[in-house]
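Chain by chain, the residues:
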Amino acid sequence: DGGITQSPKYLFRKEGQNVTLSCEQNLNHDAMYWYRQDPGQGLRLIYYSQIVNDFQKGDIAEGYSVSREKKESFPLTVTSAQKNPTAFYLCASSRTSGAYNEQFFGPGTRLTVL
Amino acid sequence: KNQVEQSPQSLIILEGKNCTLQCNYTVSPFSNLRWYKQDTGRGPVSLTIMTFSENTKSNGRYTATLDADTKQSSLHITASQLSDSASYICVVHQGREYGNKLVFGAGTILRVKS
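Residues numbered from 1 in each chain as written. Chains lettered and ligands numbered in written order. Predicted model: local features only at pLDDT ≥ 70, side-chain atom pairs only at ≥ 80, totals over all residues. Heavy atoms only, no water.

Novice: What am I meant to see in the overall build of chain B here?
Specialist: Looking only at helices and strands, chain B features 0 helices and 11 strands. Moving toward the C terminus, one meets the helices and strands of chain B in the order β-β-β-β-β-β-β-β-β-β-β. Rg of the C-alpha trace for chain B: 14 Å, near the compact-globule value of 13 Å for 114 residues, within the 12% margin. Principal-axis analysis of the C-alpha atoms places the extent of chain B at approximately 45 × 30 × 20 Å. Here chain B holds 114 residues, and 46% of them are scored as buried. Intrachain contacts of chain B at a sequence separation of at least 6 include 55% that bridge at least 24 residues. (Helix = DSSP H or I, 4+ residues; strand = E, 2+ residues; numbered from the N terminus. Rg over C-alpha atoms; globule rule 2.2 N^0.38 Å. Buried < 20%, exposed > 50% of the residue type's maximum accessible area, 1.4 Å probe, protein only. Contact = heavy atoms within 4.5 Å.)

Shown next as structure tokens:
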């Protein structure tokens with residue numbers, strides 16, 4: 001998984017709770033990304049960050065929040081405003097956000113709402 | 001609409017046989033096309049990256065082709081092994097002017113049986 005760790009591997013949430021998914025990378029990459037994967041669909045971008053203390057919304061940012069206080073870390077909070085949070089969440093990083101920079105993915109966190 | 005369509009949705013082959021997975025895209029503009037392998041419950045791992053000027057690229061038993069005129073790509077797997085069982089995802093990169101966005105296909109699920 002190329003130096004990217006995600007925790008926990010499995011997460012269960014009760015309705016109305018906020019939960020935070022961890023993503024850490026030791027690749028010295030500037031850019032980091034959060035994706036959501038649902039069965040039968042392609043990955044969808046939630047948020048991305050090209051540099052510390054800066055991040056941008058992706059295609060499905062509603063109900064999610066992120067922070068980028070350190071280069072190595074890009075945690076994702078799934079808030080109670082996210083109406084259908086059950087999914088597989090993938091964090092990725094790349095050297096920069098340029099066109100030919102490969103994105104390396106973490107092992108993922110499977111979130112289930114009880 | 002920018003889309004990446006993959007076929008077939010799923011495929012079962014016998015160990016040792018070859019197979020070809022298809023990817024058609026309507027994404028524009030186009031910077032490069034990538035194929036990823038995703039094992040169940042894991043993050044995707046890059047197999048190949050091709051620019052519009054490249055017709056073919058190999059990575060071991062995996063060979064990707066690209067026809068930028070017809071907007072089609074294929075991934076050919078030679079002498080399949082049980083460990084090739086995974087989802088194979090086609091991804092198109094839109095380029096810097098579109099925020100270096102990646103558009104993901106839903107994947108082809110390959111099962112190799114003995």
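Novice: Please explain the overall build of chain A as it appears in this structure.
Specialist: Along chain A, the regular secondary structure elements total 0 helices and 11 strands. Tracing chain A from N to C terminus, the helices and strands come up as β-β-β-β-β-β-β-β-β-β-β. What you see for chain A is a C-alpha radius of gyration of 13 Å, in line with the 13 Å of a compact globule of 114 residues. With respect to the three principal axes, the spread of C-alpha positions in chain A is 40 × 25 × 25 Å. Counting over 114 residues, chain A shows a buried share of 49%.

Novice: Could you clarify how one ought to interpret unusual backbone geometry in this entry?
Specialist: What is expected of a backbone is that most residues other than glycine have negative phi and most peptide bonds are trans. The omega torsion across serine 7 of chain A and proline 8 of chain A is -10°, close enough to zero to call that bond cis. Omega for the bond connecting serine 7 of chain B with proline 8 of chain B falls within 30 degrees of zero, at -10°, which places this linkage in the cis form. By the element assignment, proline 8 of chain B lies in the loop between strand S1 (4-7) and strand S2 (10-14). The phi dihedral of asparagine 53 of chain A is positive, around 65°, even though this residue is not glycine. Residue position: asparagine 53 of chain A is located in the loop between strand S5 (44-51) and strand S6 (54-57). Judged by its relative accessible area of 61%, asparagine 53 of chain A is exposed. With phi around 60°, lysine 71 of chain B is a residue other than glycine that occupies positive phi space. Position of lysine 71 of chain B among the secondary structure elements: in the loop between strand S7 (62-67) and strand S8 (72-77).

Novice: Sorry, what's going on with the nonpolar core here?
Specialist: Here is a general trend for soluble globular proteins: nonpolar side chains tend to be buried in one another's company. Within the largest apolar cluster, 24 residues are counted, with the highest numbers of intra-cluster contacts made by Val4, Tyr25, Leu33, Trp35, Leu75 and Tyr88 of chain B. Looking at this core, the elements that each hand over two or more residues are strand S3 (19-25), strand S4 (32-38), strand S5 (45-51), S7, S8, strand S9 (86-93) and strand S11 (108-113) of chain B. If you look at the next biggest cluster of nonpolar residues, it comprises 20 residues, including Cys23, Val66, Leu76 and Tyr89 of chain A. (Core = buried A, V, L, I, M, F, W, Y, C linked by side-chain atoms within 4.5 Å.)

Novice: Help me out: how do you make sense of the sheet that holds strand S7 (residues 64-66) of chain A in this one?
Specialist: In a beta sheet, neighbouring strands are held together by backbone hydrogen bonds and run either parallel or antiparallel to one another. All names here are of chain A. Across the sheet, which stays open at both edges, the 4 strands sit in the order S1-S3-S8-S7 with antiparallel pairing between neighbours. Pairing within the sheet leaves two strands with one partner each, and these edge strands are strand S1 (4-7) and S7. Across the sheet, the mean angle from the axis of one strand to that of its neighbour is 20°, orientation sign disregarded. For strand S3 (residues 19-25) and strand S8 (residues 76-78), the ladder comprises 3 bridges, and the chain directions are antiparallel. Within S8, the position partnered with valine 19 by the bridge is valine 78. (Pairing = 2+ DSSP bridges. Axes fitted to C-alpha atoms, helices over the stretch in contact; angles between N-to-C directions.)

Novice: Even after reading the chapter, I still don't get a nonpolar patch on the surface, so can you show me in this structure?
Specialist: A cluster of nonpolar side chains, contributed by Tyr10, Phe12 and Leu114 of chain A, occupies part of the molecular surface with about 390 Å² of accessible area. Here leucine 114 of chain A is to be found in the segment after strand S11 (109-113). (Patch = residues over 30% accessible without salt bridge, like charges linked within 9 Å, V, L, I, M, F, W, Y side chains within 5 Å. Areas by Shrake-Rupley, 256 points an atom, 1.4 Å probe, with all protein chains shown as cover. Salt bridge = Lys/Arg side-chain N within 4 Å of Asp/Glu carboxyl O.)

Novice: I tried to follow the sheet that holds S7 of chain B on my own but got confused; where do I start?
Specialist: Residues and elements named next belong to chain B. Read across the open sheet, the 5 strands follow the order S1-S3-S8-S7-S6; overall the sheet is antiparallel. The open sheet has two free edges, formed respectively by S1 and strand S6 (56-59), since each of these has just one partner strand. Ignoring strand direction, the axes of neighbouring strands in this sheet form an average angle of 15°. Relative to S8, S7 runs antiparallel, the two sharing 6 bridges.

Novice: What is the right way to read the pairing of S8 of chain B from this model?
Specialist: A regular strand places its side chains on the two faces of the sheet in alternate fashion. Residues and elements named next belong to chain B. As defined by bridge partners, S3 adjoins S8 across 6 bridges and the pair is classed as antiparallel. Bridge pairing in S8 links asparagine 24 to glutamine 72. Remark: 4 residues form the turn of the hairpin made by S7 and S8, two consecutive strands paired antiparallel; lysine 71 in that turn has positive phi of roughly 60°.

Note that every value here comes from positions in space, so none of it alone points to a role or purpose.
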